[in-house]
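# Residue-level structural notes
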Amino acid sequence: MRSTLVRQFGEPEQVIELVEAPRAAPRAGEVEVEISLAAINPSDLIPVTGAYSARTTLPFVPGFEGVGIVRRVGADVRDFKPGDRVVPIGASGLWQQFVLRPGEWCFRVPDDIADAQAAMSYVNPLTALRLVEALRTHFGSLQGIEVGVTAAGSAIGGMLVKLLALQGAVPTAMLRSEKTRVRLGQAHRVVVAEVGDLPSGSQFDAVLDAVGGTPAGELIRHSIRPGGTFIQYGALSGIPVPPAAIGDRPDVRFDFLWLRTWVHSAGRDALEAAFLRSFAGLQSGLFASLVAATYPLSRLADALAHQADPGRDGKILLDPRC
């Protein structure tokens, strides 16, 4: 079968190989899923660089998010049958034609959700839902809470702005360019500026940050009200939040949300409930994401180049069947 493989850490374009791999039979409790579409996310590429080498075992197949069709089931599998369309989660490995997953890590997709959106129903929607829940835990009620959202022009940034507004919060979308303003509509506060150039007096009760580095430090030091919270869920800058900035604000709660930690501790019932909310958000358009392009897995190099293009507008999807 078609597959990818990372044998050594490095730049994704240089170390992710296209290979032919054996197609194994499902064991007891497992299902075999033929992947229809898989997404490319920063969370797929960062482990390839070796940033998480302490918890990443070589060799491995990248790809945490996608959708596919159950082709075979192992002994003792009762909840799935060949032909079912599912989202398989729990580990990387979706950048290949067939993947084996324990049945408890697969979630059936409603018929009215297209493959392209189903392939993006996991990482961003569930992260957005967990971030909003973390704010609710901190504040009790989100009514009137002012929340700054960095990198708000991204797929997940747009989801967060809309979701927060629906929950009664007052989100401010922080953008670095006018290009992505159109995605957010006219109903939300939008600031187009580098963090250091925010309008004078910009203050938030909370910040949801996907950037890290110096911009995060500036927000922590100058833009969060006492008693507020700063939650980091990404590091697009590739640089950690400055520890000194955190130390300077003992009146602000700092937290880091890593979706994988919650997924592996939540239990099946909580995950099913989260996916029901994700699917409902896709059906309503709340969690819908733009697709910039879909590439066959055989053109992985082109897909990775497009992913790295700063002018890219939307998600890159892979089709491992071709």
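For clarity, every value in this text was computed on a predicted model and none was experimentally measured.

This next bit is on the domain arrangement of the chain. Each assigned domain of the chain is listed here: domain 1 (2-120 + 289-319) and domain 2 (137-259). When each unit is reduced to the centre of its C-alpha atoms, the spacing between domain 1 and domain 2 is 30 Å. Across the boundary between the two partners, domain 1 contributes nine residues, which contact six residues of domain 2. Buried surface at the junction of domain 1 and domain 2, summed over both partners, amounts to about 510 Å²; 53% is from carbon and sulfur atoms. Taken as a group, Arg55, Ser289 and Asp313 account for 52% of the area that domain 1 buries against domain 2, more than any other trio of residues on that side. Between the two partners, domain 1 and domain 2, sit zero salt bridges.

Here the focus is the layout of surface pockets. Approximately 260 Å³ is the volume found for the second largest pocket. Around the second largest pocket, the lining comprises 14 residues; the ones closest to its centre are Arg130, Ala134, Arg253, Asp255 and Leu257. Among the secondary structure elements, those contributing two or more residues to the lining of the second largest pocket are α4 (123-139), β12 (224-232), β13 (253-256) and α8 (259-266). Classifying every residue of the lining of the second largest pocket by side-chain character gives six nonpolar, four polar and four charged.

If you trace the backbone, Ser289 turns up in the loop between α9 (268-284) and β14 (291-296). Look at Ser289 and you get buried, because its relative accessible area is 9%. Setting aside chain neighbours within four positions, we find Ser289 in contact with Gln117, Met120, Ala155 and Met159.

What the six strands build is an open sheet, ordered β10-β9-β8-β11-β12-β13; its pairing is parallel. Because the sheet does not close on itself, it has two edges, and the strands there are β10 (189-192) and β13. In this sheet, adjacent strand axes meet at a mean angle of 20° when their direction is disregarded. Here four bridges tie strand β8 (residues 146-149) to strand β9 (residues 170-175), and the two strands are oriented parallel to one another.

What counts and how
- Residues numbered from 1 in each chain as written.
- Predicted model: local features only at pLDDT ≥ 70, side-chain atom pairs only at ≥ 80, totals over all residues.
- Heavy atoms only, no water.
- Domains from an automatic or database assignment.
- Contact = heavy atoms within 4.5 Å.
- Buried area = accessible area lost by both parts, 1.4 Å probe.
- Salt bridge = Lys/Arg side-chain N within 4 Å of Asp/Glu carboxyl O.
- 1 Å grid on protein atoms, 1.4 Å probe; cavity = no way out; pocket = protein on both sides within 12 Å on 5 of 7 lines; lining within 4 Å.
- Points joined across faces, edges and corners; volume = space filled by probe spheres on them.
- Helix = DSSP H or I, 4+ residues; strand = E, 2+ residues; numbered from the N terminus.
- Nonpolar A, V, L, I, M, F, W, Y, C, P; charged D, E, K, R; others polar.
- Buried < 20%, exposed > 50% of the residue type's maximum accessible area, 1.4 Å probe, protein only.
- Pairing = 2+ DSSP bridges.
- Axes fitted to C-alpha atoms, helices over the stretch in contact; angles between N-to-C directions.

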